[in-house]
Amino acid sequence: MNSNKKDVGELFMLDKQVKYYAQTVNITLHHFYINGEIEYDVDKYVDMLNVIKTCEAQDKIYIYLNTPGGSLTTTIQIISAMNQSQAEITTFLEGDVCSAGTMIFLSGHNYVVNDHCAFMIHNCSHGGYDKGAAIVSQVDFMKTYFKKMATDIYSGFLTDDEITDMLADKDFWMDSDEVVDRLKLRGVGVVFDGRLDDEIGETADEPKPKPKPKPKPKPKPKAKVKAKVKVKTKA
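These lines cover the structure that appears in this document, whether it is placed above or below. (Residues numbered from 1 in each chain as written. Predicted model: local features only at pLDDT ≥ 70, side-chain atom pairs only at ≥ 80, totals over all residues. Heavy atoms only, no water.)

## Overview of the pairing of strand E4 (residues 110-113)
For step 1, the next point in the chain: Going residue by residue along E4, you find Asn110 and Val112 tucked away on one face and Tyr111 and Val113 tucked away on the opposite face as well.
For step 2, the next point in the chain: When strand E3 (residues 88-98) meets E4, the two strands line up parallel, connected through four bridges. Across the sheet, the residue bridging to Leu93 is Val113, located in E4.
For step 3, the next point in the chain: Remark: the E3/helix H4 (residues 100-106)/E4 crossover connection has right-handed handedness. (Buried < 20%, exposed > 50% of the residue type's maximum accessible area, 1.4 Å probe, protein only. Helix = DSSP H or I, 4+ residues; strand = E, 2+ residues; numbered from the N terminus. Pairing = 2+ DSSP bridges. Right-handed = clockwise from strand over helix to strand, strands pointing away.)

Here's what the structure looks like:
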C-alpha cells in the first residue's frame, strides 16, 4: 500500500517539472563617430539618423564625440532621432566636446567620460541678412527658442543661475572630472569613467565613502593580582 502511494507521488512530481526553453535574440551594436565640425549638410548624417531611429529595443548604440560643435539644425535632428530610438544609447566624451556636441552628449542614456577631455557649453551663435525689422524679429525668436532648448538639455547639469549666465554669453569650460561630478548630480543614467567595465555607479546615488581602517587596539596592561584576592571584571 505504501509502495503504491510512493509510485503515484513520484509520477506526480515528474508531471510537475519546470519546463525550460531557450530563446536566442540577435543584438546589434552600432558605433558612430562624430569627429570634427557638425556640418549643415544633413544628408551626410541620413544613414546614422535612420539606423538610430529604426534600431530594435535590444540593440545598443554608441556615439563617440570629438567635436567643436557646429550646425544647430543638424544637432536637433540627431537629438530627435536619439529621443525616438528604442535602443539604449551610450555617448562617449573623447577629446574636446563643445557647443552643439555637448547637447548630443547629454542626450544619451549612459555616458563614458575619458580622461583629459574638455567640455564647453556656451550660447548659440546666429545671424541673418534681411530687412531690419525681420532681423530683429529673428533675433528675438532665437533668444526664446534657444533658451527653451538649453533649459531642456542642460537642466540638472548646469544650475538655473549658470543657464542664465550662459544665455548671457558666459562660456563654461570643464575637465573630465567635473563632467563626471555633474553627471552624477544630474541623477539620470549611468556614468562610466573611461571604460565600459569601469562603472562609477548610478548617477542617482552619491559615491560611497571608502571605509576608514580600524585602529589597531592597544594591548591592555596586565592587572596585578595580590595573593588570595579574586578580581572580577565585567565584559
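## With respect to the nonpolar core
For step 1, the next point in the chain: Formed by 47 residues in total, the largest nonpolar core has its most connected members in Phe105, Phe119 and Tyr154.
For step 2, the next point in the chain: The greatest single-element share of this core, amounting to six residues, is contributed by helix H5 (residues 132-154).
For step 3, the next point in the chain: Ignoring sequence-local partners within four residues, the contact set of Phe105 consists of Leu65, Thr91, Phe92, Leu93, Tyr111, Val112, Val113, Phe119, Val179 and Leu183. (Core = buried A, V, L, I, M, F, W, Y, C linked by side-chain atoms within 4.5 Å. Contact = heavy atoms within 4.5 Å.)

## Some thoughts on the packing of H5 against helix H6 (residues 160-167)
For step 1, the next point in the chain: Two elements in contact, H5 and H6, have axes whose closest approach is 11 Å; the angle formed by their N-to-C orientations is 145 degrees. The interaxial crossing formed by H5 with H6 has right-handed handedness. Together, Phe146, Lys147, Ala150, Thr151 and Tyr154 of H5 and Ile163, Met166 and Leu167 of H6 make up the contact between the two elements.
For step 2, the next point in the chain: Class assignment for the residues of the contact of H5 with H6 results in six nonpolar, one polar and one charged. (Axes fitted to C-alpha atoms, helices over the stretch in contact; angles between N-to-C directions. Left-handed = near helix turned anticlockwise from the far one by under 90°. Nonpolar A, V, L, I, M, F, W, Y, C, P; charged D, E, K, R; others polar.)

## Some details on the pairing of strand E5 (residues 118-121)
For step 1, the next point in the chain: Both faces of E5 are covered, namely the face carrying Ala118 and Met120 and the face carrying Phe119 and Ile121.
For step 2, the next point in the chain: With three bridges joining them, E3 and E5 adopt parallel strand pairing. Bridge pairing in E5 links Cys98 to Met120.

## Brief notes about a nonpolar patch on the surface
For step 1, the next point in the chain: Nonpolar side chains collect at one region of the surface, where Val25, Ile27 and Leu29 lie side by side and expose about 270 Å² of accessible area between them.
For step 2, the next point in the chain: Counting through the fold element by element, Leu29 comes out in strand E1 (residues 29-35). (Patch = residues over 30% accessible without salt bridge, like charges linked within 9 Å, V, L, I, M, F, W, Y side chains within 5 Å. Areas by Shrake-Rupley, 256 points an atom, 1.4 Å probe, with all protein chains shown as cover. Salt bridge = Lys/Arg side-chain N within 4 Å of Asp/Glu carboxyl O.)

## Overview of the side chain of Thr67
For step 1, the next point in the chain: Of note, Thr67 is situated in strand E2 (residues 60-67).
For step 2, the next point in the chain: Classification of Thr67 as buried rests on a relative accessible area of 1%.
For step 3, the next point in the chain: In terms of polar contacts, Thr67 uses its side chain to reach the backbone amide nitrogen of Gly69, at 3.0 Å.
For step 4, the next point in the chain: Apart from residues lying up to four places away in sequence, Thr67 is in contact with Ile34, Gly36, Glu37, Ile38, Asp96, Val97, Cys98 and Gly101. (Polar contact = N/O pair within 3.5 Å; in protein donor to acceptor, adjacent residues only side chain to side chain.)

## A closer look at the packing of aromatic side chains
For step 1, the next point in the chain: Counted according to the given criterion, the structure contains seven aromatic pairs.
For step 2, the next point in the chain: Measuring from ring centre to ring centre gives 5.4 Å for Phe105 and Tyr111, while their planes differ by 45 degrees; the resulting arrangement is tilted. By the burial criterion, Phe105 is buried, and Tyr111 matches it.
For step 3, the next point in the chain: Here the aromatic rings of Phe105 and Phe119 are separated by 5.6 Å at their centres, their planes lie at 70 degrees, and the arrangement is edge-to-face. Here the residue Phe105 occupies a position in helix H4, and Phe119 occupies one in strand E5, the gap between them amounting to 14 residues. No difference in accessibility class separates Phe105 from Phe119, as the two residues are buried.
For step 4, the next point in the chain: What links up through ring pairs into an aromatic cluster is the set Tyr33, Tyr62, Tyr64 and Phe92. (Phe/Tyr/Trp six-rings, centres within 6.5 Å; stacked < 30°, edge-to-face > 60°.)

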